[in-house]
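These are the residues of each chain, in order.
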Amino acid sequence: MVVTSSVDPLPLDTPTATNISIKVANRGPGDLPIAVDPKLNFDVKVYLSDSNNLETATIKERQAIQIKDLDDLRQAINNNGEIDINIDPATINLHAARCKQLVYLCVEISLHSDSIYKETNPDTNDFCVEFSPPGNGEAGNTECFIDIAATGLAVTSPTDLEYKPGFDTEVVVQLSVTNNGGLPVPAATEGDNFVAVVFLTDANNLNSIKVPVSVTNGGYSAEIPGKVSNLAVPGVELTVNIPAIKARCEELTHVCVSITHDVTKYVDTDPTNEFYCIEFGPVADGKAGVKNCDVNIDLSTKDLLVTPRNTVYDFDAPTDTVIDAVVTNGGTGDLPASEQTPNYDIEFYLTDSPNLEDANFTLRIDARSITYESSLLGLGLINGNELELNTDDARLLIPLDQCLSITHICVKVTLYRSDLSVFTDPDESNNDACQRFGKVTDGHAGVIPCYVDIGVVDLEVMDPVNPRYLPDTDYELDMRITVRNYGALSLSHTPAQYEFNFKPVMYLANRNHIDRATVLIIQDPVGIEWLHEVASRVTVILDVFPISINIPQGKCADVTHLCVEIRHHGWYEDGNRPNDKKCIPFVKGVGGEINCEGEEPNDTDGTTGLPVVYTVVIVVVVVLAVLIGVTVALCNGCKKRTPKYETA
């Protein structure tokens, strides 16, 4: 039996002309002679059946037939002979509702009802062949199947779509599907008939690289009719994020949609056509939108502000510091936020220039000493906006052995690993900002003590132990000063061409600091000058020296302190003058006591200072000592004395 349909595959619910050619055999024992017109030897019937044996079929539907040459039905057939009968056409109408059951096309041949001959075995009068939906069935293929194919993908919004790597881009697309089969997919009462899944890929297929895309409204639950073409599924919302890694961005070339379904709802006979891809390019050209893998970010750094906790940097320990700076994006692109890696590399340098590119001396600061919150370094920066970079922890250790080369601190902000990223900064000449070291009150970054700084640590009255003073009277005191070099540079011994390094000037004052005093009375010049060195960070106890003071009666009530100021020669620069001064109060046990009433206090403890008029006896003793050859070594400027050092 040979079946030739006019349409392949055979459509459903559609009468279709089909040619059927059958071979009929006579298994005897008698011969069947030719029938004379109008007589016929045979009756022919065609059925659709659920069985390949009509005798056992539970469902069979008779089909209309036509035999153009009735002589085929009059043919003689001898015992063990064969004849051919051509049914042209048989009109086959396979109903969709029963196509899953009616999978056989059967032909039944019997002797004509008017024939005088009888069949000995009527059970062999039918012959069946099977349909295949689709395949290689002997009866041909039918459309009794479901094959949902993705046949279109188009961007509907926005129409001027340009993706920004690293940013979520909202896109609306329309998906088109076709049912190549004749069976419909009924509307889903629960869930969806299929769901659209979208990927970014490196080819017009789903065989290799697939970057998932977030999809909203990608499910479709309505009926999908059989043999429907390009059924539109509008309003599928995508959230597309192009990777910011340059290599990955460049290798992604297409946006692909794949439709997936629950196999319990229906069986799709061809899973190879369930995806559709469009390449990146202008939406107006039917493409997925423009993708840019070379984004210009022009970072510019400004407003560096370094605020140390101490206005003068420490010698041996890092100084806690707050560092602020502002970075702007002057490029044409936008820098997205990043949770996995920082967006910025931040480097700090000590330099000799207000411009990092022009510096002759640069010393990079250890990155571990200046840190930022990771969340801050991951913040994005839109074109035209600025970002404040505030340190989480900053500790600056200034190398004082190189302090003469350091004038500025600079920060440089660059893109993190720009060699691997789509973001580029073609002009890094504006990526740094610098601030001069100097007084914070002058807007600078703090003072580096890169100078000699001789400061007075202590002022003591050595003799008498507890002097007592009357107004308008000269008093001789032996004093001692302790100084310290707070600077980074050591003060050497006075060079031969200079007279001294520093010397004291004595005052009477009404405050505990010379600079705050409103009554300040300079005393007679002190006849001592110091020549010796004071090393950096070393404390020196200087030799005892004599002074003469006189408290004027008119200012006696105002005078409360005895003060000293160190005067520097000038061949070197002392970088911090305020600590050159020291005051001690006129109180018992410190600077002595003043009696402004003009009466000599009772010398109950034997420590009252002697006025100059009572020192004649002392002078006589000195003269006698000289006369008898005894040398008294009086302090003559102390230029040849060896100072006492006390290391702090």
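See the structure printed just above.
What comes next concerns the included structure. Model, not experiment: these values are computed from the prediction.

Looking now at the overall build of the chain. Across its full length, the chain holds three helices and 39 strands. The globule rule puts the C-alpha radius of gyration for 648 residues at 26 Å, and the 55 Å found for the chain is more than 25% above it. Over its C-alpha atoms, taken along the principal directions, the chain stretches across nearly 185 × 50 × 40 Å. Among the 648 residues that make up the chain, the fraction classed as buried is 46%. The long-range fraction of contacts in the chain, counting pairs at least 24 apart against all pairs at least 6 apart in sequence, stands at 73%.

Let us look at the sheet that holds strand β26 (residues 408-415). Read across the sheet, four strands follow the order β22-β21-β26-β28 without closing on themselves; strand pairing throughout is antiparallel. The sheet is open, and its two borders are formed by β22 (362-364) and β28 (432-436), each paired with just one other strand. Strand-to-strand, the axes of this sheet are offset by a mean angle of 25 degrees, without reference to chain direction. Judged from the three bridges that link them, strand β21 (residues 344-351) and β22 form a sheet pairing that is antiparallel. Directly across from L350, in β22, lies its bridge partner L363.

With that out of the way, let us pick up the pattern of salt bridges. On inspection of all chains with the given rule, the structure shows 22 salt bridges. A salt bridge links D37 to R74, with the shortest nitrogen-to-oxygen separation between them at 2.6 Å. With D37 in the loop between β2 (16-25) and β3 (42-49) and R74 in the loop between β4 (60-65) and β5 (82-92), this residue pair connects regions lying 37 residues apart in the sequence. The exposure class assigned to D37 is exposed, which follows from its relative accessible area of 54%. A salt bridge links D393 to R395, with the nearest nitrogen and oxygen atoms 3.5 Å apart. A relative accessible area of 31% places D393 in the partly exposed class. Salt bridges sharing common partners tie together D37, D71 and R74.

What follows concerns the state of the cysteines. Using the criterion set out here, one finds eight disulfides in the structure. One disulfide in the model links C99 with C144; its S-S distance is 1.9 Å. For the disulfide bridge between C99 and C144, the dihedral angle about the S-S bond is near 70 degrees, and by the sign convention the bridge is right-handed. Of this pair, C99 sits in the loop between β5 and β6 (104-111) while C144 sits in the loop between β7 (126-130) and β8 (148-157), and the two are 45 residues apart along the sequence. Neither residue differs from the other here; C99 and C144 are each classed as buried.

Let's shift gears to the pairing of strand β15 (residues 254-260). The buried count for β15 comes to six of seven residues, which makes it a mostly enclosed element. Where strand β11 (residues 194-201) lies against β15, seven bridges are found, and the strand directions are antiparallel. The residue of β15 that forms the bridge with T201 is H254. Here β15 runs beside strand β16 (residues 275-279); their pairing, made up of five bridges, is antiparallel. Within β16, the position partnered with S258 by the bridge is F275.

A separate point is the packing of aromatic side chains. For the coordinates displayed, the defined rule picks out nine aromatic pairs. Taken together, a centroid distance of 5.6 Å and an interplanar angle of 80 degrees make the contact between W530 and F545 edge-to-face. Separated by 15 residues along the polypeptide, W530 in the loop between β33 (520-522) and β34 (539-541) and F545 in strand β35 (residues 545-550) bring together distant segments of the chain. Assigned by exposure class, W530 and F545 land together as buried. Ring geometry for W571 and Y572: centres 5.2 Å apart, planes at 75 degrees, overall edge-to-face. With a relative accessible area of 25%, W571 lands in the partly exposed category. Taking relative accessible area as the criterion, Y572 reaches 9% and is therefore assigned buried. By the ring-pair criterion, three or more aromatic residues cluster together here, those being Y469, Y475 and F586. One cation-aromatic arrangement involves K210 over F199; the distance from NZ or CZ to the ring centre is 5.2 Å.

Taken in spatial order, the four strands make up an open sheet running β33-β32-β36-β37, and their pairing is antiparallel. In this open sheet, the two strands that pair with only one neighbour each are β33 and β37 (581-585). Taking each pair of neighbouring strands and ignoring which way they run, the sheet shows an average axis angle of 30 degrees. Relative to strand β36 (residues 561-568), strand β32 (residues 502-509) runs antiparallel, the two sharing eight bridges. By the bridge assignment for β36, A509 is matched with H561.

Right, let's talk about the layout of surface pockets for a bit. Considering only enclosed or pocket space, the largest pocket measures out at about 860 Å³ in volume. Residue lining of the largest pocket: 27 residues in total, with V24, A25, N26, R27 and N125 positioned closest to the centre. Broken down by secondary-structure element, the contributors of at least two residues to the lining of the largest pocket are β2, β6 and β7. Broken down by class, the residue content of the lining of the largest pocket amounts to 13 nonpolar, eight polar and six charged.

Another aspect to go through is the nonpolar core. Within the largest apolar cluster, 112 residues are counted, with the highest numbers of intra-cluster contacts made by L105, F348 and I409. Residues contacting I409, with those up to four places away along its chain left out, are L304, V306, F348, Y349, L350, I365, L396, A433, C434, Q435, F437 and A445. With 37 residues, the next largest nonpolar core counts V519, V538, F545 and I547 among its residues.

Looking at the element boundaries, F127 is found in strand β7. Exposure remark for F127: the relative accessible area of 46% places this residue in the partly exposed category. Residues F127 and N53, spaced 74 residues apart in sequence, show a C-alpha to C-alpha distance of 7.3 Å. Not counting residues up to four positions away in its chain, the partners in contact with F127 are M1, L105, C106 and V107.

Turning to its location among the elements, H112 is positioned in the loop between β6 and β7. Relative accessible area serves as the criterion here: at 16%, H112 is assigned to the buried category. Among residues more than four places away in sequence, those in contact with H112 are L40, N41, F42 and D43.

Rules used in this analysis
Per-chain numbering applies: the sequence of each chain, read as written, is numbered from 1 onward. With pLDDT at 70 or above as the cut-off, local features in this predicted model cover only qualifying residues; side-chain atom pairs require 80 or more to be listed or tallied, and sums for whole chains, interfaces and linings still use all residues. Neither water nor hydrogens contribute to the side-chain values; these are computed over all heavy atoms in the structure. Only DSSP runs of H or I reaching four residues or more are called helices, and only runs of E reaching two or more are called strands; each is numbered from the N terminus. With the radius of gyration taken over C-alpha atoms, the globule rule is written as 2.2 Å times the number of residues to the power 0.38. Only protein chains enter the calculation, and the probe is 1.4 Å; a residue is then buried if its accessible area is under 20% of its type maximum, exposed if over 50%, and partly exposed in between. Note on contacts: a residue pair is in contact if any heavy atoms of the two residues lie within 4.5 Å. Each pair of strands is called paired provided DSSP finds at least two bridges between the two strands. Note on definitions: angles span 0 to 180 degrees between N-to-C directions of axes, and those axes are lines fitted to C-alpha atoms, for helices only across the stretch in contact. Basic side-chain nitrogens of Lys or Arg form a salt bridge, by our definition, when they fall within 4 Å of a carboxyl oxygen of Asp or Glu. The criterion for a disulfide is a pair of cysteine sulfur atoms lying within 2.5 Å. Between the rings of Phe, Tyr and Trp (Trp by its six-membered ring), a pair exists once the centres lie within 6.5 Å; its type follows the angle of the planes, with under 30 degrees stacked, over 60 edge-to-face, and the other angles tilted. Any Lys NZ or Arg CZ found within 6 Å of a ring centre and within 35 degrees of that ring's normal is scored as a charge over the ring. A 1.4 Å probe that fits into a set of points on a 1 Å grid over the protein atoms alone but cannot get out defines a cavity; an open set with protein on both sides within 12 Å along at least five of seven lines defines a pocket, and lining residues are those with an atom within 4 Å of a point. Grid points are joined across faces, edges and corners, and a volume is the space filled by probe spheres set on the points. Only Asp, Glu, Lys and Arg are considered charged in this grouping, and only Ala, Val, Leu, Ile, Met, Phe, Trp, Tyr, Cys and Pro are considered nonpolar; every other residue, Gly among them, is considered polar. By nonpolar core we mean a set of buried residues, namely Ala, Val, Leu, Ile, Met, Phe, Trp, Tyr and Cys, connected to one another through side-chain atoms within 4.5 Å.

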